[in-house]
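What follows is each chain in one-letter form.
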Amino acid sequence: SLLLNCSNLGDDHINNEKYYVFDAKENNTVFAKGYILRVPLQNSNPKKIRDKFGHMFGGAGVYLFLKKSCPESEGRSKIYAGKARHLDVRANDKKRLKGQDFLFLIKKGKSESDVSMHMDENWLQQIEHLLIKDLMSKQANIGFECSNRSYESKSLAEDTNQMDKWYEILKKKLIDEFQLLQ
């Protein structure tokens, strides 16, 4: 599961967006790339970040909203995971962003030149399912609150093997590169 480690996201990180690309391999061959963009929402310029990383806001992907410390949850961090056919419309909605500290946009592509980086419906469903399952199953033990109210069903695709492998790499990168703790 994932946990926002507030101490690692101290003041020096607040104004910095972070962009990270990873390879997902099977038999030493890249079958997909993963793209993660962390957008700080307090004391930053979201329009400037949007202009710089426009390819991350268009098209389909999954996202996380993170709130560092919430009085209503005894000071614990809150995390919400979702999917969107168009990230800019759903995840970058001003009403949904209000009160959040960070937005993470997560996309999949075939290569650096694949500007569409579009997750099909099966990928969207499976990655959202795994994110929420991880967040909800570990929240009580680890000191954060998952804001999702229900689990999402898994993808109906016959073979989710590559999706599951891609997710495991994504989870590791969120922990290692973005200081989200297991």
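Here goes a summary of the coordinates provided. (Residues numbered from 1 in each chain as written. Predicted model: local features only at pLDDT ≥ 70, side-chain atom pairs only at ≥ 80, totals over all residues. Heavy atoms only, no water.)

1. Comments concerning the nonpolar core
Argument step 1. Judged by nonpolar contacts, the single largest core of 34 residues is most densely connected at Leu64, Phe104, Trp166, Leu170 and Leu174.
Argument step 2. Every element with two or more residues in this core is listed here: strand 2 (18-26), strand 3 (29-40), strand 4 (61-67), strand 5 (77-84), strand 6 (102-109), helix 6 (121-142), strand 7 (144-146) and helix 7 (161-178).
Argument step 3. Here Leu170 is in contact with Phe22, Ile36, Ile106 and Ile127, once residues within four sequence places are set aside. (Core = buried A, V, L, I, M, F, W, Y, C linked by side-chain atoms within 4.5 Å. Buried < 20%, exposed > 50% of the residue type's maximum accessible area, 1.4 Å probe, protein only. Helix = DSSP H or I, 4+ residues; strand = E, 2+ residues; numbered from the N terminus. Contact = heavy atoms within 4.5 Å.)

2. Considerations on the environment of Phe31
Argument step 1. With respect to the secondary-structure elements, Phe31 resides in strand 3.
Argument step 2. Sequence separation of Phe31 and Trp166 is 135 residues, and the distance between their C-alpha atoms is 9.1 Å.

3. Focus: the pattern of salt bridges
Argument step 1. One pass over the structure, following the stated rule, counts 12 salt bridges.
Argument step 2. Between Lys33 and Asp23 there is a salt bridge whose closest N-O contact spans 2.4 Å. Separated by 10 residues along the polypeptide, Lys33 in strand 3 and Asp23 in strand 2 bring together distant segments of the chain.
Argument step 3. A relative accessible area of 34% means that Asp23 is categorised as partly exposed.
Argument step 4. Put simply, Asp134, Glu168 and Lys171 are held in one network by salt bridges that share partners. (Salt bridge = Lys/Arg side-chain N within 4 Å of Asp/Glu carboxyl O.)

4. A closer look at the packing of aromatic side chains
Argument step 1. According to the stated counting rule, one finds 8 aromatic pairs in the structure shown.
Argument step 2. Considering the side-chain rings of Phe22 and Trp166, the 5.5 Å spacing of their centres and the 45 degrees angle between planes classify their relative orientation as tilted. In this pair, Phe22 sits in strand 2 while Trp166 sits in helix 7, placing the two residues 144 residues apart along the sequence.
Argument step 3. Centroid distance Tyr63 to Tyr80: 6.3 Å. Interplanar angle 35 degrees. Geometry classified as tilted. Residue Tyr63 is found in strand 4, and its partner Tyr80 is found in strand 5; the two are separated by 17 residues along the sequence.
Argument step 4. Look at Tyr80 and you get partly exposed, because its relative accessible area is 24%.
Argument step 5. When the ring centre of Phe178 is taken as reference, the NZ or CZ atom of Lys18 above it lies at 5.0 Å.
Argument step 6. The lysine or arginine in question, Lys108, covers the ring of Trp123, its NZ or CZ lying 4.7 Å from the ring centre. (Phe/Tyr/Trp six-rings, centres within 6.5 Å; stacked < 30°, edge-to-face > 60°. Lys NZ or Arg CZ within 6 Å of the ring centre and 35° of its normal.)

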